Amino acid sequence: MAEKKSKGHVFVGMSGGVDSSVSAALLQKAGYEVVGVFMKVWQPDFLPCTWREERLDAMRVAAHLGIPLLTWDFEKEYKEGVADYMIAEYKAGRTPNPDVMCNREVKFGAFFRRAMKEGADFVATGHYAQVKLDKKSSEYLMLRGVDDAKDQSYFLWTLGQGQLSKTFFPIGGYKKPQVHVLAKKFALPV
């Protein structure tokens, strides 16, 4: 039997949760070679440390899908680009948006750059958003996810054309209950 040709390598940010897990399964089913990446980020000492359990969840999903799972440490990038920013904004009397900064500095900053350096053709996350190529302008557009209650496009406004052209949001076209149905269909351990 002839081997199916891959559509490319996609590095998927995997937290072990249902959204990123279904994203990885959808991409694998669509014919991409999927590599899971667990991103370890900084946590303050006064909060319970949960990254080990989350990583185990991601490992279970990766094993179930038969894909590799890498663990990349972005503690420094998170501390400097998200936590320190948040503190500085509060000190200046402004309300920070740490989710925007996490996406800019970590997921579509450090993770995106490293994935491309390591041979990824694309990256993907479990965000509820969509990317579409506008054929008239030849520009990639950030669109809302179809689930109004879960839409995360407003956290991703800092992404530029270079990032959007190489990014997938596989669950952006689904509502959250549909994502849960897909998780059951793929028998994901989430």
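On a predicted model such as this, the values are computed, not experimentally measured, just so you know.

A. Representation of the packing of aromatic side chains. One pass over the full model with this rule turns up eight aromatic pairs. Arranged with centres 5.2 Å apart and planes meeting at 55°, the rings of Tyr-32 and Phe-168 form a pair that is tilted. Pair noted here: Tyr-32 is in the loop between helix H1 (18-29) and strand E2 (33-40) and Phe-168 is in strand E7 (residues 167-168), with a separation of 136 residues, a long-range link. The exposure class assigned to Phe-168 is partly exposed, which follows from its relative accessible area of 22%. Ring geometry for Tyr-154 and Phe-155: centres 4.3 Å apart, planes at 45°, overall tilted. Classification of Tyr-154 by relative accessible area gives partly exposed; the value is 49%. Phe-155 gets classed as buried once you look at its relative accessible area, which sits at 14%. The side chain of Lys-79 reaches across the aromatic face of Trp-42, ending 5.4 Å from its centre.

B. Highlighting H1. When the terminal C-alpha atoms of H1 are compared, their 16 Å separation across twelve residues agrees well with the 16 Å that a helix rising 1.5 Å per residue should span. For H1, a buried count of ten out of twelve residues is recorded, marking the element as mostly surrounded by other parts of the structure. Every buried residue belonging to H1 is among Val-18, Asp-19, Ser-20, Ser-21, Val-22, Ser-23, Ala-24, Ala-25, Leu-26 and Leu-27, and all of these are buried. Those residues of H1 hidden inside the fold are in contact with strand E1 (9-13), E2, helix H2 (51-65), strand E4 (122-124), E7 and helix H6 (176-185). The first or second residue beyond H1 is Gly-31, which carries a positive phi of 105°.

C. Summary view of the side chain of Lys-176. One can find Lys-176 in helix H6. Lys-176 gets classed as buried once you look at its relative accessible area, which sits at 19%. Engagement of the side chain of Lys-176 in a polar contact is seen with the side chain of Asp-19, the distance being 3.0 Å. Dropping the residues within four chain positions of it, Lys-176 is found in contact with Val-18, Asp-19, Tyr-128, Asp-147 and Lys-150.

The rules behind each value
Residues numbered from 1 in each chain as written. Predicted model: local features only at pLDDT ≥ 70, side-chain atom pairs only at ≥ 80, totals over all residues. Heavy atoms only, no water. Phe/Tyr/Trp six-rings, centres within 6.5 Å; stacked < 30°, edge-to-face > 60°. Helix = DSSP H or I, 4+ residues; strand = E, 2+ residues; numbered from the N terminus. Buried < 20%, exposed > 50% of the residue type's maximum accessible area, 1.4 Å probe, protein only. Lys NZ or Arg CZ within 6 Å of the ring centre and 35° of its normal. Expected span 1.5 Å × (residues − 1). Contact = heavy atoms within 4.5 Å. Polar contact = N/O pair within 3.5 Å; in protein donor to acceptor, adjacent residues only side chain to side chain.

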